[in-house]
Amino acid sequence: QVQVVESGGGLVQAGGSLRLSCAASGRTFARPFMAWFRQAPGKEREFVAALNLNTATTQYADSVKGRFTISTDNAKNTVYLQINSLKPEDTADYYCAAGAPWGSVPSSKDEYPYWGQGTQVTVSS
């Protein structure tokens, strides 16, 4: 069974940086995708970034491309989301997702059977 736990959220001024962490255990090679999603009040949960732990390929939403970077450690036990040039519109609860299988669409939240509890990111003007 895959366990997913996020951390690293907080209150940051616009233009600042933040790094979120996602500790995952129980990953299988048949389900290599991990991703970050976010949800602001009154809005749908939206895709942010995805990483294939087997191939190291990445995918980003257009709204965060060039500012956000998804990566993993050498042991592939932790996935990170480095956020630079934070904007007030980045304010949301950020969720780590795991378990999308090979051949799936990693930007779709419906592909992920395992989710973390979420970590709050608040960006002030």
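Along each chain, residue indices are assigned from 1 in the same order as the chain's sequence is written. With the structure being a predicted model, the display of local features is reserved for residues of pLDDT at least 70 and the display and counting of side-chain atom pairs for 80 or more, all residues being used for whole-chain, interface and lining totals. For the side-chain quantities, the full set of heavy atoms in the structure was used; hydrogens and water were omitted.

Caption draft 1: How the structure looks around the sheet that holds strand β7 (residues 68–72). If DSSP finds at least two bridges between two strands, the strands pair. Under the scheme used here, helices are H or I runs from DSSP no shorter than 4 residues and strands are E runs no shorter than 2 residues, and both carry numbers assigned from the N terminus. An order of β1-β3-β8-β7 is seen for the 4 strands of this open sheet, with the pairing classed as antiparallel. Either end of the sheet is taken by a strand with one partner, and the two such strands are β1 (3–7) and β7. For this sheet the average axis-to-axis angle between neighbouring strands, irrespective of direction, equals 15 degrees. In terms of strand pairing, β7 meets strand β8 (residues 78–83) through 5 bridges, oriented antiparallel. Each bridged residue has a counterpart across the sheet, and for T69 the counterpart in β8 is Q82. Note on geometry: axes are C-alpha line fits, over the in-contact stretch for helices, and angles between N-to-C directions span 0 to 180 degrees.

Caption draft 2: Here's a closer look at the environment of A100. Mapping A100 onto the fold places it in strand β9 (residues 92–100). With 68 residues separating them in the primary sequence, A100 and P32 have C-alpha atoms 6.6 Å apart. Here a residue-residue contact requires only that any non-hydrogen atoms of the pair lie within 4.5 Å. Other than its neighbours up to four places away in sequence, A100 contacts R31, P32, F33, E111, Y112 and P113.

Caption draft 3: Highlighting the pattern of salt bridges. Here a salt bridge means any side-chain nitrogen of Lys or Arg lying within 4 Å of a carboxyl oxygen belonging to Asp or Glu. In the structure shown here, the tally under the stated rule is 4 salt bridges. In this structure, D62 and K65 form a salt bridge, with 3.1 Å as the shortest nitrogen-oxygen distance. Judged on exposure class, the residue D62 and its partner K65 are both exposed. When salt bridges with common partners are traced through the structure, they connect R38, E46, R67 and D90 into a single cluster. Buried means the residue's accessible area, taken with a 1.4 Å probe over protein chains only, is under 20% of the maximum for its type, while exposed means over 50%, and partly exposed covers the values in between.

Caption draft 4: Local environment of the packing of aromatic side chains. Note on aromatic pairs: the rings of Phe, Tyr and Trp (six-membered ring only in Trp) are paired at centre separations within 6.5 Å, and the planes decide the class, stacked below 30 degrees, edge-to-face beyond 60, tilted for the rest. Scanning the model with the defined rule gives 4 aromatic pairs in all. Here the aromatic rings of F37 and W115 are separated by 5.2 Å at their centres, their planes lie at 50 degrees, and the arrangement is tilted. Residue F37 is located in strand β4 (residues 33–39), and its partner W115 is located in strand β10 (residues 114–115); the two are separated by 78 residues in the primary sequence. The class of W115 is partly exposed, set by a relative accessible area of 27%. With 6.3 Å between their ring centres and 70 degrees between their planes, Y112 and W115 make a pair best called edge-to-face. Accessibility expressed as a relative area gives 5% for Y112, which makes it buried. Among the aromatic residues, those joined into a ring-pair cluster are F37, F47, Y112 and W115.

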